[in-house]
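The residues making up each chain are set out below.
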Amino acid sequence: METYRPRRSVLYIPASNDRALAKIAQLSCDAIIIDLEDAVAPADKIAARGKLAAIFAGHADRHCEMIVRINAVASEWGADDLLAAASCEPDGILLPKVDTPRDLLEAGDVLDDNFAPDSVKLWAMIETPKAMLNIGTIAELGRDPAARLACFVAGTNDLVKDTGVLATPDRRYLVPWLMQMVLAARAGGIDMIDGVSNDFRDLDAFARECTESAAMGFDGKSIIHPAQIEAANRAFAPSKEAVAEARLIKDTFALAENASKSVIALNGKMVERLHLAQAEKLLAKAAATGA
């Protein structure tokens, strides 16, 4: 069965917010992004960076993935952010404003030159028009382990800002780009995390957006408030019905009379071995999430 690492709920926490940082151990999200970029004011960025070592030292026994989002490497803070993040050996470093494969390759070179272990992966924000035009070649890095690329994160707020599209509640003008992100991520063999929902008080609207996001093929949702964790975890976990169907497919193919068959009939439907692969992946996801 395929090993699965859930990334249903990915919570941003500003490195400058001591109150939020103190609650990390109590959170049930699958991943936490310690943010040095958008959530930290320019005057606080150096001080926030200086907290990284203590943050990671305080959570040596991690109950979820811990990622650091640095400032753009080309900015006045980015190069030092990258080195400071690498020294903490997080599960990943999230690069903002990725436009081309070179942005990832150069960051990877820095990690290699500073002896960061292979377990430190790179995540990439897809948030610029140029990134969308280059998304296929960026995603291809996911097929090369040396490139460290593990995950894309949709930066929908920046895409709206840079393109001028209207941000409607149903995201109708963003959907074509979101689907393109999912397609590229699958081609590169990496995970794809949906962008944030800004109104964290409207949990019903957030839950609907998560359900739609899961239906589009996203692996999880980036979130900005702990109140959003439960809905994200629920939406991106397999349903009981889906798990039961997957088990039936797996068990039926395991029967001796089906050992050499490529296609079987099951409950009036044609089921191929590609459906068996999908079932095994879903069962791995269910096991990892307790679904």
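Because the structure is a prediction, the values reported are computed rather than measured.

Scoring rules and cut-offs
Residues numbered from 1 in each chain as written. Predicted model: local features only at pLDDT ≥ 70, side-chain atom pairs only at ≥ 80, totals over all residues. Heavy atoms only, no water. Helix = DSSP H or I, 4+ residues; strand = E, 2+ residues; numbered from the N terminus. Rg over C-alpha atoms; globule rule 2.2 N^0.38 Å. Contact = heavy atoms within 4.5 Å. Areas by Shrake-Rupley, 256 points an atom, 1.4 Å probe, with all protein chains shown as cover. Core = buried A, V, L, I, M, F, W, Y, C linked by side-chain atoms within 4.5 Å. Buried < 20%, exposed > 50% of the residue type's maximum accessible area, 1.4 Å probe, protein only. Phe/Tyr/Trp six-rings, centres within 6.5 Å; stacked < 30°, edge-to-face > 60°. Lys NZ or Arg CZ within 6 Å of the ring centre and 35° of its normal. 1 Å grid on protein atoms, 1.4 Å probe; cavity = no way out; pocket = protein on both sides within 12 Å on 5 of 7 lines; lining within 4 Å. Points joined across faces, edges and corners; volume = space filled by probe spheres on them. Pairing = 2+ DSSP bridges. Axes fitted to C-alpha atoms, helices over the stretch in contact; angles between N-to-C directions. Parallel < 35°, antiparallel > 145°, perpendicular 65-115°, else oblique. Left-handed = near helix turned anticlockwise from the far one by under 90°. Nonpolar A, V, L, I, M, F, W, Y, C, P; charged D, E, K, R; others polar. Expected span 1.5 Å × (residues − 1). Arc of directions from axis to C-beta. Salt bridge = Lys/Arg side-chain N within 4 Å of Asp/Glu carboxyl O.

(A) Representation of the overall build of the protein chain in the model. The secondary structure content of the protein chain amounts to 13 helices and 10 strands. On C-alpha atoms alone, the protein chain measures out to a radius of gyration of 20 Å, which is about the 19 Å that the 2.2 N^0.38 rule sets for 291 residues. Across its three principal axes, the protein chain shows a C-alpha extent of roughly 65 × 45 × 40 Å. Long-range pairs, those at least 24 residues apart, make up 70% of the contacts in the protein chain between residues at least 6 apart in sequence. Counting only carbon and sulfur atoms, one obtains 54% of the accessible surface of the protein chain, whose full area is about 14100 Å².

(B) Broad picture of the nonpolar core. Among the nonpolar cores identified, the biggest contains 64 residues, and I34, L52, I93, L104, F152 and M181 are the most heavily contacted of them. Sort the elements by how many residues they give to this core and helix α9 (residues 175–188) lands first, with five residues. Ignoring anything within four residues of it in the chain, the contact list for I34 reads I13, A15, L21, I24, L52, I55, M66, I67, V68 and R69. Counting residues in hydrophobic clusters, the runner-up holds 13 residues, among them V10, Y12, A31 and V153.

(C) Representation of the packing of aromatic side chains. Counted according to the given criterion, the structure contains zero aromatic pairs. The aromatic ring of W77 is capped on one face by K45, whose charged end is 5.2 Å from the ring centroid.

(D) Structural detail: the layout of surface pockets. Computed from the structure, the largest pocket encloses a volume of approximately 530 Å³. Considering the residues around the largest pocket, the lining is formed by 22 residues, among which R7, A150, G189, I190 and D191 are closest to the centre. A volume near 410 Å³ is recorded for the second largest pocket. Around the second largest pocket, the lining is made up of 19 residues, and of these T168, P169, R171, S197 and E209 lie nearest the centre.

(E) Representation of the sheet that holds strand β5 (residues 121–126) in the model. The parallel closed barrel is built from eight strands, whose spatial order is β1-β2-β3-β4-β5-β6-β7-β8. With strand direction ignored, the average angle separating the axes of adjacent strands in the sheet is 25 degrees.

(F) Here's a closer look at the packing of helix α12 (residues 240–253) against helix α13 (residues 273–289). Two elements in contact, α12 and α13, have axes whose closest approach is 9 Å; the angle formed by their N-to-C orientations is 130 degrees. Taken together, the axes of α12 and α13 are oblique relative to one another. As for the relative orientation of α12 and α13, their crossing is left-handed in sense. Note on element contacts: α13 touches α12 through R273, H275, L276, A279, E280, L282, L283 and A286, opposite A242, V243, A246, R247, I249, K250 and F253. Looking at side-chain class alone, the contact of α12 with α13 contains 10 nonpolar, one polar and four charged residues.

(G) Focus on helix α5 (residues 101–113). The end-to-end C-alpha separation of α5 is 18 Å, in line with the 18 Å expected for 13 residues at 1.5 Å each. Within α5, burial applies to L104, A107, G108 and L111. Along the axis of α5, the buried residues cluster in a sector spanning 105 degrees; they form a single face. Against the buried residues of α5 lie α4 (78–87), β4 (92–95), β5, α7 (135–139) and β6 (149–154). Following α5 by one or two positions, F115 has its phi on the positive side, about 60 degrees.

(H) Seen up close, the pattern of salt bridges. Scanning the model with the defined rule gives 23 salt bridges in all. Across the pair K221 and D194 runs a salt bridge, and its minimum N-O distance is 3.1 Å. Of the two residues, K221 is situated in strand β8 (residues 220–223) and D194 in strand β7 (residues 191–194); the sequence distance between them amounts to 27 residues. Taking the relative accessible area as the measure of exposure, K221 reaches 0% and is therefore buried. Looking at D194, the relative accessible area reads 0%, which means it is buried.

(I) Summary view of α4. Along α4, the residues classified as buried are G78, D81, L82, A84, A85 and A86. Each element contacted by the buried residues of α4 is listed here: α2 (45–50), α3 (52–57), β3 (65–69), β4 and α5.

(J) Representation of the packing of α4 against α5 within the structure. At a minimum axis distance of 10 Å, the contact between α4 and α5 shows a crossing angle of 50 degrees. It follows from the interaxial angle that α4 and α5 lie oblique. Remark: the crossing between α4 and α5 carries right-handed chirality. Packed against α4, whose contacting residues are L82, L83 and A86, the element α5 presents A107, V110 and L111 at the interface.

(K) Expanded view of the pairing of β6. With six of its six residues buried, β6 lies for the most part within the structure. Note that β5 and β6 share five bridges and pair parallel. When the bridges of β6 are listed, A124 appears paired with F152. Across three bridges, β6 lies against β7 in parallel orientation. Of the residues in β7, the one forming a bridge with V153 is I193.

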